[in-house]
Amino acid sequence: KNNIRNNASSDLESKMKTFFFLASLATMATMATSAFVSSNIHAPMMNPATSSTKLDMTNLAYNGKKQNFKAGTKLSAACAKLGVKPRYSCKKGDCGSCTISVGGQRVKACVGKVPPEPRLKSLQEKGLEIK
C-alpha cells in the first residue's frame, strides 16, 4: 500500500509541477507579446470620409506640353505620352542609350520611374522638364 501511495503522490506532484510550469510559460508568453502590441487608447479615430485620398501626381513637361503622371509609373510610358522619343538599345538599363534628364536628374527611360512630386511650389506648377 505504501508503494501505491508513493506512486500516486509522486504522479500528482509531477502533474502539479507540469501545470505550474505551463501556467508560468503562458504568463511569460502573454507578457512578451503585450510588449510589442501598441495599445494607444488615446489615439484619435481616423474618419475615412475626411482622410486624404489625393494621389501623388507629378507634373512633367516637354516642349511646352505638360501632363500629370502618377509617381512610380514607368518613365517610358510617360515619355511616349509626352512625345519624347529616347533611343532604346537593350531596354534593360545596361547600355545607357535611353538616358534622359528629368528635372536635372539623369534617368534611364527604359527602367526608370516617374519621380515623386517636388516640394518646391514653383516646380510643382511648372512641372519637371524632360530633356
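Our subject is the structure that appears above.
Predicted, not measured: the structure shown is a model, and the values here were computed from it.

So, on to helix H2 (residues 75–82). Listed in full, the buried residues belonging to H2 are Leu75, Ala78, Cys79 and Leu82. Within H2, the buried residues cover an arc of 100° as seen down the axis, which keeps them to one side. Exposed and facing more than 90 degrees away from the buried side of H2 are Ala80 and Lys81. Looking at the buried positions of H2, the neighbouring elements they touch are strand E1 (57–62), strand E2 (65–70), strand E3 (99–102) and strand E4 (105–108). Positive phi shows up at Gly83, right after H2, with a value of about 95°.

Our focus in this paragraph is the state of the cysteines. The tally for this structure, following the rule as stated, stands at zero disulfides. Between Cys98, a cysteine without a disulfide, and Cys110, which holds the nearest cysteine sulfur, the sulfur-to-sulfur distance is 3.3 Å. Judged by relative accessible area, which is 3%, Cys98 ranks as buried.

Let us now look at a nonpolar patch on the surface. Side chains of Leu12, Met16, Phe19 and Phe20 sit close together on the surface and give an oily, nonpolar patch of about 450 Å² of accessible area. We classify Met16 as partly exposed; its relative accessible area is 41%.

On a regular strand, each side chain points to the face opposite its neighbour's, so the side chains alternate between the two faces of the sheet. When E3 meets E4, the two strands line up antiparallel, connected through four bridges. The residue bridging Val102 from the neighbouring strand is Gln105, located in E4. Adjacent in sequence and paired antiparallel, E3 and E4 are bridged by two residues, among which Gly103 carries a positive phi angle near 60°.

One non-glycine residue, Asn63, adopts positive backbone phi at about 50°. Within the secondary structure, Asn63 is located in the loop between E1 and E2. With a relative accessible area of 64%, Asn63 lands in the exposed category.

This part is about the side chain of Thr58. Structurally, the position occupied by Thr58 is in strand E1. For Thr58, a relative accessible area of 0% corresponds to the buried category. Only 2.6 Å separates the side chain of Thr58 from the backbone oxygen of Pro115, close enough to count as a polar contact. One polar contact links the side chain of Thr58 to the main-chain amide nitrogen of Glu117, over a distance of 3.2 Å. Residue contacts for Thr58: discarding those within four places in its chain leaves Gln67, Asn68, Phe69, Ala71, Val114, Pro115, Pro116, Glu117 and Leu128.

Calculation notes
Residues numbered from 1 in each chain as written. Predicted model: local features only at pLDDT ≥ 70, side-chain atom pairs only at ≥ 80, totals over all residues. Heavy atoms only, no water. Buried < 20%, exposed > 50% of the residue type's maximum accessible area, 1.4 Å probe, protein only. Helix = DSSP H or I, 4+ residues; strand = E, 2+ residues; numbered from the N terminus. Arc of directions from axis to C-beta. Contact = heavy atoms within 4.5 Å. Disulfide = S-S within 2.5 Å. Patch = residues over 30% accessible without salt bridge, like charges linked within 9 Å, V, L, I, M, F, W, Y side chains within 5 Å. Areas by Shrake-Rupley, 256 points an atom, 1.4 Å probe, with all protein chains shown as cover. Salt bridge = Lys/Arg side-chain N within 4 Å of Asp/Glu carboxyl O. Pairing = 2+ DSSP bridges. Polar contact = N/O pair within 3.5 Å; in protein donor to acceptor, adjacent residues only side chain to side chain.

In short, geometric facts, not functional conclusions.
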